[in-house]
Amino acid sequence: MVKKYTFRGVLILAAVIAGFIFLLRGCMSRYDERSAITPVLFFEKADKGIVFSIIKYGKATSYKRSGGSTFKSLSTNYFVQTNDAETGELIANKKIKHNSDVKFHPITVMGTGNGNAWVFIGELLAFDPFTLEKTADREMIEAKNPQLKGKMPGEKNYYEYNDANDEILITATDGMKYTLSTTSLLATAIDEDDIAKSPAEA
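Scoring rules and cut-offs
Residues numbered from 1 in each chain as written. Predicted model: local features only at pLDDT ≥ 70, side-chain atom pairs only at ≥ 80, totals over all residues. Heavy atoms only, no water. Helix = DSSP H or I, 4+ residues; strand = E, 2+ residues; numbered from the N terminus. Buried < 20%, exposed > 50% of the residue type's maximum accessible area, 1.4 Å probe, protein only. Contact = heavy atoms within 4.5 Å. Salt bridge = Lys/Arg side-chain N within 4 Å of Asp/Glu carboxyl O. Pairing = 2+ DSSP bridges. Core = buried A, V, L, I, M, F, W, Y, C linked by side-chain atoms within 4.5 Å. Axes fitted to C-alpha atoms, helices over the stretch in contact; angles between N-to-C directions. Phe/Tyr/Trp six-rings, centres within 6.5 Å; stacked < 30°, edge-to-face > 60°. Lys NZ or Arg CZ within 6 Å of the ring centre and 35° of its normal.

Draft legend 1. Spatial organisation of the overall build of the chain. Of the regular secondary structure elements, the chain holds three helices and twelve strands. The burial tally for the chain puts 35% of its 202 residues in the buried class. Here the contacts in the chain between residues at least 6 apart in sequence split such that 41% fall between residues at least 24 apart.

Next up, the structure:
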């Protein structure tokens with residue numbers, strides 16, 4: 001009998017704690033922040049259009065009101081997300097990184113090479129926009145290009161997306177420059193003189 005009442009007491013206490021947590025989260029959720037990082041990308045497949053974007057979501061962990069102002073603390077995560085291009089309805093989203101995992105900013109969408117969405121979220125990444133499956137990251141690129149092993153910078157300004165040929169210009173940490181094919185993920189070393197030339201001259 002004692003064990004029965006003890007078990008019942010534990011269940012009641014757990015229910016009270018869970019209720020308090022849900023109530024607290026409900027109060028704080030109105031201070032959450034969610035925003036899309038521009039630009040966004042458009043893809044079409046079988047006459048269905050989707051919009052791909054990076055979403056910054058800040059979950060409120062605490063807040064304080066003082067003098068008519070509200071001060072809050074946020075736990076921020078970055079997601080990739082797709083929405084129906086016609087209705088705006090959410091199709092899918094996927095958490096990529098917590099803010100603590102991103103050492104350098106900005107975070108941005110780069111381009112649509114080889115039918116994939118190329119972005120920069122603390123590193124160069126690519127995703128299949130229809131499944132949100134990751135198709136490229138630092139590890140995958142280095143596996144195909146041993147010359148880049150340990151030499152891919154963490155800052156966005158060392159990566160330039162070329163819309164004309166869907167290649168990415170990478171300046172490695174040793175100062176060497178490479179063009180990365182978004183189709184094969186193979187990197188080719190290039191000369192400084194070639195970069196200075198116009199496309200016609202090259």
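Draft legend 2. Seen up close, the pattern of salt bridges. Evaluation of the coordinates by the stated rule reveals five salt bridges. Note that E123 and R138 form a salt bridge whose closest N and O atoms lie 3.8 Å from each other. In this pair, E123 is assigned in the loop between strand 6 (117-120) and strand 7 (124-127) and R138 in helix 2 (residues 138-144), connecting sequence segments 15 residues apart. The closest approach of N and O atoms between D137 and K134, which form a salt bridge, is 3.0 Å. Assessed through its relative accessible area of 8%, D137 is described here as buried. Overall, the relative accessible area of 35% leaves K134 in the partly exposed class. Each of K97, E123 and R138 takes part in a single network of salt bridges with overlapping partners.

Draft legend 3. Spotlight on the pairing of strand 6. Side chains of strand 6 alternate between two faces, with A117 and V119 and W118 and F120 buried alike. Inspection of the sheet shows strand 5 (residues 108-111) paired to strand 6 by three bridges, in the antiparallel sense. Bridge pairing in strand 6 places T108 opposite F120. Bridge count between strand 6 and strand 7: four bridges; the pairing is antiparallel. Considered in strand 7, the bridge of F120 is made with L124.

Draft legend 4. Structural detail: the pairing of strand 9 (residues 159-162). Residue alternation in strand 9 divides its side chains into a buried set, Y159 and Y161, and an unburied set, E160 and N162. Of the strand pairs in this sheet, strand 9 and strand 10 (residues 167-171) are connected by four bridges, and their pairing is antiparallel. Bridging from a neighbouring strand, E160 pairs with L169 of strand 10. Between strand 9 and strand 10, which pair antiparallel one after the other, the connecting turn spans four residues, and D166 there sits at a positive phi close to 55°.

Draft legend 5. Fine view of the nonpolar core. Residues M110, W118, L124, L148, Y159, I168 and L180 are the most contacted members of the largest nonpolar core, which totals 18 residues. Among the secondary structure elements, those contributing two or more residues to this core are strand 6, strand 7, strand 9, strand 10 and strand 11 (177-181). What L124 contacts, discounting residues up to four positions off in sequence, is M110, W118, V119, A136, D137, R138, I141, Y159, I168 and L180. The next biggest cluster of nonpolar side chains, apart from the first, holds 17 residues, and it includes I37, L41, I50 and V119.

Draft legend 6. Quick peek at the sheet that holds strand 10. Overall, antiparallel pairing links the four strands, which are arranged 9-10-11-12 in an open sheet. The sheet terminates laterally at strand 9 and strand 12 (187-190), the two strands that pair on one side only. With strand direction ignored, the average angle separating the axes of adjacent strands in the sheet is 25°. Relative to strand 12, strand 11 runs antiparallel, the two sharing four bridges. Among the inter-strand pairings, K177 is bridged to a residue of strand 12, identified as I190.

Draft legend 7. Looking closely at the environment of L124. Summarising the element assignment, L124 is placed in strand 7. Take L124: its relative accessible area is 2%, and that puts it in the buried class.

Draft legend 8. Quick peek at the packing of aromatic side chains. Within the structure shown, the criterion is met by two aromatic pairs. The lysine or arginine in question, R34, covers the ring of Y57, its NZ or CZ lying 4.5 Å from the ring centre. Here K45 stacks its cationic end above the ring of F130, 5.2 Å away from the centre of that ring.

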